[in-house]
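# Architecture at a glance
Single-letter residue listing:
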Amino acid sequence: MISKTNNIIQKRETKIIKGNVAAAYAAKSARVQMISAYPITPQTTVVEKLSEFVDGGEMPGTQYIKVESEHSVMASVIGASIAGTRTFTATSGQGLFYMNEMIHWAAGTRLPIVTAIASRGAAPPWNIWADFSDVINARDTGWMSAFCATHQEIYDEILMSYKVCEDYDVLLPKFVAYGGFILSHTSKPVIIEDQDLVDQYLPPLPDEKGWPQIFLDPERPMMHGNLIMPSGFYSEFRMKIQDTLMKTKDKIKIASKEFEKTFGRSYGNGLIEEFNMDDADVGIIIYGDLALQMEQAVEELREEGYKVGMVKLRHYRPFPTEDIRKIAKKVEVLGVMDRATAFGSPTGGPVSGDVLSCLYDTGITTKVLPMMAGIGGREVTLVQQKEELKTLIKIKETGELPNNLIHGTLWDGILEVK
Amino acid sequence: MANGIIEISFAARGGQTAVTASQLLAQFAYDKGFKDAIAIPIIGAERRGAPIWAFTKISKNKMIKTYDSVVNPNYMLIFDTSLLEIPNIRNSIKEGTILLINSNKPIDNTNLPKNIKIYLVDATKICIDNSFMLSSGPILNIPMLGAFGKITGFYDLEVMENIIRDEFGEKRLSKNMKVAKDAFNSVKEE
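What comes next is a walk through the structure. For clarity, every value in this text was computed on a predicted model and none was experimentally measured.

Our focus in this paragraph is the overall build of chain A. Of the regular secondary structure elements, chain A holds 13 helices and 15 strands. Computed over C-alpha atoms, the radius of gyration of chain A comes to 21 Å, within 12% of the 22 Å expected from 2.2 N^0.38 for 418 residues, which places it in the range of a compact globule. On the principal axes, the C-alpha backbone points of chain A span a range of 70 × 55 × 45 Å. Of the contacts made within chain A by residues no fewer than 6 positions apart, 82% connect residues no fewer than 24 positions apart. Surface accessibility of chain A: about 17,400 Å² in total, with carbon and sulfur atoms responsible for 53%. Both charge centroids of chain A, one from 44 positive and one from 54 negative side chains, sit 2 Å from each other.

In this structure, the largest pocket occupies an estimated 1,300 Å³ of space. Around the largest pocket, the lining comprises 46 residues; the ones closest to its centre are Lys 18 of chain A together with Thr 20, Gln 23, Gln 27 and Glu 167 of chain B. Counting only elements with at least two residues in the lining of the largest pocket, the list comes to strand E1 (13-18), helix H1 (19-29) and helix H2 (44-55) of chain A together with helix H1 (18-31) and helix H5 (157-168) of chain B. Of all the elements, H1 of chain B adds the most residues to the lining of the largest pocket, at 9 residues. Here the residues of the lining of the largest pocket sort into 16 nonpolar, 15 polar and 15 charged. Reported here for the second largest pocket is a volume of approximately 790 Å³. The wall of the second largest pocket is formed by 22 residues, among which Gly 108, Thr 109, Arg 110, Gly 225 and Phe 237 of chain A lie closest to the centre. Every element with two or more residues in the lining of the second largest pocket is listed here: helix H3 (70-82), helix H5 (100-108) and helix H9 (234-263) of chain A. Grouping the constituent residues of the lining of the second largest pocket by class yields 11 nonpolar, 7 polar and 4 charged.

Rules and cut-offs
- Residues numbered from 1 in each chain as written.
- Chains lettered and ligands numbered in written order.
- Predicted model: local features only at pLDDT ≥ 70, side-chain atom pairs only at ≥ 80, totals over all residues.
- Heavy atoms only, no water.
- Helix = DSSP H or I, 4+ residues; strand = E, 2+ residues; numbered from the N terminus.
- Rg over C-alpha atoms; globule rule 2.2 N^0.38 Å.
- Contact = heavy atoms within 4.5 Å.
- Areas by Shrake-Rupley, 256 points an atom, 1.4 Å probe, with all protein chains shown as cover.
- Lys, Arg positive; Asp, Glu negative; His and termini not counted.
- Charge placed at Lys NZ, Arg CZ, Asp CG, Glu CD.
- 1 Å grid on protein atoms, 1.4 Å probe; cavity = no way out; pocket = protein on both sides within 12 Å on 5 of 7 lines; lining within 4 Å.
- Points joined across faces, edges and corners; volume = space filled by probe spheres on them.
- Nonpolar A, V, L, I, M, F, W, Y, C, P; charged D, E, K, R; others polar.

Dropping the structure here:
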């Protein structure tokens, strides 16, 4: 029996910690009751730190289990979640791919599981560095997905995620993704919040009966996820997931607003965060760690007199269609920077493809340039990001696209290949 | 010093504890009142003895928004003189870079830029004298950081003591502080 009492004493303090450690602190602050762990680089130190917390008595009552694979990680988290506990795990790259079957199961069962993803490139060849292709690979599973640009955002977004996921009108799982090594292994100051404030912000932990929609009771055995005939409610279950995810956009905005009220930190409207967009005539949509560094690039080009702006995409699923349309209207040229691949798609990048598709039939004539950088953790420097913005400015000035596009997309910073 | 941000690079060999040094330096500076700090280890296929890089950026007034590697270091901590024989490490020393080198003898600066300052500390000897060792060799990070605090004034021994107590516990404190002080007191400009 998992204890429901969890007396964590934590006062507000700032610590210089790795992004992975920030994720572990968030799980602790959220009083997660069950953690399932299997190591994989660059995520490993998330579950290592949590094992230290549990072992050191800092998370009393939390069940920490080690299993034999990522598939079992998600299976065990599903079991614990369905029994009525707040659960957490973390993985990366191949680990997430191996989990994939259970990923679908978690969303289909409508469970509020939060999973941190220290994103890394897909093998082969082996790659352990920042690339969001892993979380993008789980795009169509019914999970929400958020990208973090800072260490603090990892901590904050995990807290916001529990708030959204456990909302009775949502009940869906969520990935909180951040670039492997760039965020997972670098260290920055992170505010760990006062436990009382976190308790006040988050919904109460599920009680003995579990979640309100599932009464799992050994006295009254029942089956979940049984085979359903095509004439049964399968289509309707799927429609409901789409319906819920789209409506969840408002829930994310509310959770973000309440977060600001409680803790004083804000992330745009929760779905996107605009930076210098109001009078911009050239903009770029970008996500993950690259977004923070792009702010600096925007600031520096502003100092040179260019009216550039950027939009940090915080949520990929649900996709902020309405917000993207609004910001596309503001500028003449819009770059969309992907740090992930979507092979064979119209642009080759997942987000650029979605941005283009949501502008269809809206009368918006903004020129959109799909872009790629940092694939497999290839370093993207500040100097390079300024050049990317200058490329967009040049399109605005000349009306012409660069002549080095690859199937319509600018792959920045790649080596010459024969 | 781009945008008031002080950039420090660490050149070392795997096992010489430079990654921890980059993290501790960020903590020391932040604790001493710097507004922001980031430690950036460059992680690859580490092996003991192989050259490794780590960076720390610290800022008195501005938030640090970059995650990229340091290419024009204001300061460079070199944990092993043999690293100076590696061209890309030697080339990363720029005009105006201030070097802190772990060495027991003067540095041959014929192939180095002219306008640089070099400080020397015999961190290896300090570690050996105080049995401050791991199976991989001397734990160079604490004496190197003690010397760095002295030459820069970015933090003092008191800050080091507080952070080291938090990170490594009371039991290890006195030995850590002994090597930090020995380096603090013995670092000298070449």
